[in-house]
Amino acid sequence: MDLDSVCIRTEDEAPMRPLRISEDVVPMADFTGRAAHWFRRVAQDNRPLIITENGKAAGVLLSPAEFDRVVERRRLLDDVAAGVADLDEGRVMTSDELRRRLGVSEKEPATR
């Protein structure tokens, strides 16, 4: 499974809107001349902006909220991948083994 292609979203977050090639790709010269405009537009429309240099993608501008969501998703996916790797390598234990290691009986309520 390709973990980079998984989209995880909570109920309260709006998904990033799809990229529109005709509106969301700008050359570096246009971006630098109107940077404040582009920052406002990205925040307002919740769409990424692709900045090109010599016809190739040189950068992507995201709103701060979208950047935070991307980082949070990546951390979660990295944690899931680490868990899958632990499972594949046999670095697991049963719940009974865990209770023994923690010195907790099965009937004890969990404390927070």
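Preceding this section is the structure that the text describes.
Basis of the calculations
- Residues numbered from 1 in each chain as written.
- Predicted model: local features only at pLDDT ≥ 70, side-chain atom pairs only at ≥ 80, totals over all residues.
- Heavy atoms only, no water.
- Core = buried A, V, L, I, M, F, W, Y, C linked by side-chain atoms within 4.5 Å.
- Buried < 20%, exposed > 50% of the residue type's maximum accessible area, 1.4 Å probe, protein only.
- Helix = DSSP H or I, 4+ residues; strand = E, 2+ residues; numbered from the N terminus.
- Contact = heavy atoms within 4.5 Å.
- Pairing = 2+ DSSP bridges.
- Expected span 1.5 Å × (residues − 1).
- Salt bridge = Lys/Arg side-chain N within 4 Å of Asp/Glu carboxyl O.

**Quick word on the nonpolar core**
Counting seven residues, the largest nonpolar core is built from V26, F31, W38, V42, L49, I51 and L61. For this core, the elements supplying multiple residues, two or more each, are α3 (35–45) and β2 (49–53). Among all residues touching L61, those that are not within four sequence positions of it are F31, W38, F39, V42, P48, L49 and I51.

**Observations concerning the pairing of strand β3 (residues 56–61)**
Judged from the five bridges that link them, β2 and β3 form a sheet pairing that is antiparallel. Bridge pairing in β3 links E53 to K56. Connecting β2 to the next strand, β3, in antiparallel fashion are two residues, including N54 with a positive phi near 55 degrees.

**Side note on helix α4 (residues 64–88)**
The end-to-end C-alpha distance of α4 is 36 Å, a good match for the 36 Å that 25 residues give at a rise of 1.5 Å each. Taken as a whole, α4 has its buried residues at E66, R69, R73 and L77. Immediately downstream of α4, the backbone of G90 shows phi near 80 degrees, a positive value.

**A look at the pattern of salt bridges**
Counted by the stated rule, this structure contains nine salt bridges. Here R47 and D24 are joined by a salt bridge, their closest N and O atoms 2.8 Å apart. Here the residue R47 occupies a position in the loop between α3 and β2, and D24 occupies one in helix α1 (residues 21–24), the gap between them amounting to 23 residues. Take R47 and D24: they sit in the same class, and that class is buried. One network of salt bridges, in which partners are shared, links D24, R41, D45 and R47.

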